[in-house]
Amino acid sequence: GAGMVKIQTVEANRIPLQILLPEAMVCSRFDQESNEQLLSWCDVIVIGPGLGTSVASREREQWFLTAAAREKKPLILDADGLNAAADLLQTEKMPHPQGELILTPHPGEMARLTGHSAAEINADREGTALRYAKAWNAVVVLKGAHTVIAGPDGRCAVNPTGNPGLSRGGSGDVLAGMTSALLACGLPAFEAAACAVY
């Protein structure tokens, strides 16, 4: 439902992605001109899934975070995009996008983002998600059993569905993709996140 999808990734991922997702356009050039063209072309930006944690990928992610903040488009941070944003969020140097922001951490990622332990976060999942949704002016999707969706306006939803199969690596990437497709279709951030989680 997203229409056209472009994937910016490293060259090593090009062939597997073109085999598994032939309808997507794959770009592996990481020069500033092609990156800025990509950001101006799209309606929704997702940063993080599959980018890795090397120094080079962290630098690319932080460039994308800064560049994406200048765009008036919804931005989803997932996986390694959250890791790249962790230091920026804790020091309040994270550039907030002009569009809506959605963060999709599991408890371990939320611990890195907030400096609290995963146990503390799980002890008050709704309160934690709401507190940081307001602090970050973002929709926070705190993944896990009974995923919590919290909005900066104080709205909160808890998803009663799901099963242990969702705890496998890659299911969060699917969630980020579904959320971006719903945003591209015109749903506001909170509703898009809640529907995608369900």
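Now for a look at the structure at hand.

Procedures and definitions
Residues numbered from 1 in each chain as written. Predicted model: local features only at pLDDT ≥ 70, side-chain atom pairs only at ≥ 80, totals over all residues. Heavy atoms only, no water. Helix = DSSP H or I, 4+ residues; strand = E, 2+ residues; numbered from the N terminus. Expected span 1.5 Å × (residues − 1). Buried < 20%, exposed > 50% of the residue type's maximum accessible area, 1.4 Å probe, protein only. Pairing = 2+ DSSP bridges. Axes fitted to C-alpha atoms, helices over the stretch in contact; angles between N-to-C directions. Salt bridge = Lys/Arg side-chain N within 4 Å of Asp/Glu carboxyl O.

## Structural notes on unusual backbone geometry
Line of reasoning, step 1. One non-glycine residue with positive phi stands out, namely Ala79, at about 50°.
Line of reasoning, step 2. Although it is not a glycine, His146 sits at a positive phi angle of roughly 60°.
Line of reasoning, step 3. Mapped onto the fold, His146 is located in the loop between β6 (139-142) and β7 (148-150).

## Quick look at helix α7 (residues 125-136)
Line of reasoning, step 1. End to end, α7 covers 16 Å across twelve residues, agreeing with the expected 16 Å (1.5 Å per residue, within 8%).
Line of reasoning, step 2. By the burial criterion, the buried members of α7 are Arg125, Gly127, Thr128, Ala129, Tyr132, Ala133 and Trp136.
Line of reasoning, step 3. One or two positions beyond α7, positive phi appears at Asn137, with a value near 50°.

## Here's the deal with the sheet that holds strand β4 (residues 75-77)
Line of reasoning, step 1. Reading across the sheet, the six strands line up as β3-β4-β5-β6-β7-β8 and stay open at both edges, with mixed pairing between neighbours. The open sheet is flanked by β3 (45-47) and β8 (156-158), the only strands paired with a single partner. Geometrically, the sheet is characterised by an average inter-axis angle of 15° between neighbouring strands, direction not taken into account.
Line of reasoning, step 2. Taken together, the three bridges between β6 and β7 define a ladder with antiparallel strand orientation. Across the sheet, the residue bridging to Val140 is Ala150, located in β7.

## What to know about the pattern of salt bridges
Line of reasoning, step 1. In the structure shown here, the tally under the stated rule is six salt bridges.
Line of reasoning, step 2. When the shortest N-O distance is used, the salt bridge between Arg29 and Asp31 registers 2.8 Å.
Line of reasoning, step 3. With a relative accessible area of 26%, Asp31 lands in the partly exposed category.
Line of reasoning, step 4. Taking the shortest distance from any N to any O, the salt bridge between Arg155 and Glu191 comes out at 2.9 Å. With Arg155 in the loop between β7 and β8 and Glu191 in helix α9 (residues 189-197), this pair connects stretches of sequence that are 36 residues apart.
Line of reasoning, step 5. Assessed through its relative accessible area of 35%, Arg155 is described here as partly exposed.
Line of reasoning, step 6. Overall, Glu191 belongs to the partly exposed group, its relative accessible area being 29%.
Line of reasoning, step 7. One continuous salt-bridge network, built from bridges that share partners, spans Asp153, Arg155 and Glu191.

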